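# Examining the three-dimensional arrangement
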Amino acid sequence: MDKRELKIDYFVCREGLPAGYEDLCRKAMEISQTAYSIYSGFSVGAAVLLDNGMVVTGSNQENSAYPNGLCAERTALFYAGAQYPQNGVKALALAACYNGELREESVTPCGACRQVMSEVIIRYGKDFDVIMVGKKESVVVKASALLPFAFVFSEKTAQR
Ligand code: THU
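Residues numbered from 1 in each chain as written. Predicted model: local features only at pLDDT ≥ 70, side-chain atom pairs only at ≥ 80, totals over all residues. Heavy atoms only, no water.

## Some points on helix α1 (residues 22–31)
Burial in α1 covers these residues: Leu 24, Cys 25, Ala 28 and Ile 31. Take α1 and look down its axis: the buried residues cluster within an arc of 135°, on one side only. Away from its buried face by more than 90 degrees, α1 exposes Asp 23 and Glu 30. (Buried < 20%, exposed > 50% of the residue type's maximum accessible area, 1.4 Å probe, protein only. Helix = DSSP H or I, 4+ residues; strand = E, 2+ residues; numbered from the N terminus. Arc of directions from axis to C-beta.)

So this is what it looks like as structure tokens:
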């Protein structure tokens, strides 16, 4: 048995927003205001930059039957897949507000959203940046690094 290690490169930006992604981050903050988050009070916005330069946004949509709600990332990524199926993803910015204020800490995507991001990488054959925005600091990481050992249904993806 041999021991292997995973190394994750990520970048932390303590002043302003990450260079080149200012607009995308602002769009993520703006769209968080449309969240339907009456149960958690946690409003999340996601802005997806497509490789044709278009930006698709989404926010979390909750439900009184809690598990039926959907995170901002998946709302935006599924909408992008439906509206622009030919276009891959260049970057996804994510921002969360609690009590009407952008959170100090950057928000990290849940496991289900990471799995959906991993499918986007497979679908378009290209990795992308995930920018997690916070008031104190923002973090930039590759989507592939967010979910090591992601589930892949290789028989299906091979015939994609
Ligand atoms: N949520 C997101 O939309 N994205 C995340 O990255 C984390 C969590 C939502 C789900 C739920 O509506 C609320 O935030 C609290 O978990």
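## Overview of the environment of Arg 123
Within the secondary structure, Arg 123 is located in helix α3 (residues 111–124). Remark: the alpha-carbon pair of Arg 123 and Glu 104, spanning 19 residues in sequence, is separated by 33 Å. A distance of 3.3 Å separates a polar atom in the side chain of Arg 123 from a polar atom in the side chain of Tyr 124. (Polar contact = N/O pair within 3.5 Å; in protein donor to acceptor, adjacent residues only side chain to side chain.)

## Comments concerning the site of the ligand
Surrounding the ligand, one finds Ser 40, Phe 42, Val 44, Asn 60, Glu 62, Cys 71, Ala 72, Glu 73, Thr 108, Pro 109 and Cys 110. The contact in question runs from an oxygen atom of the ligand to an N or O atom on the side chain of Glu 62, over 2.5 Å. Considered on its own, the ligand offers 370 Å² of accessible surface; in the complex 76% of this is hidden by protein. Taken together, the elements giving at least two residues each to the shell around the ligand come down to β2 (42–50) and α2 (72–83). Within the shell around the ligand, the residues separate by chemical class into six nonpolar, three polar and two charged. (Near = heavy atom within 4 Å. Areas by Shrake-Rupley, 256 points an atom, 1.4 Å probe, with all protein chains shown as cover. Nonpolar A, V, L, I, M, F, W, Y, C, P; charged D, E, K, R; others polar.)

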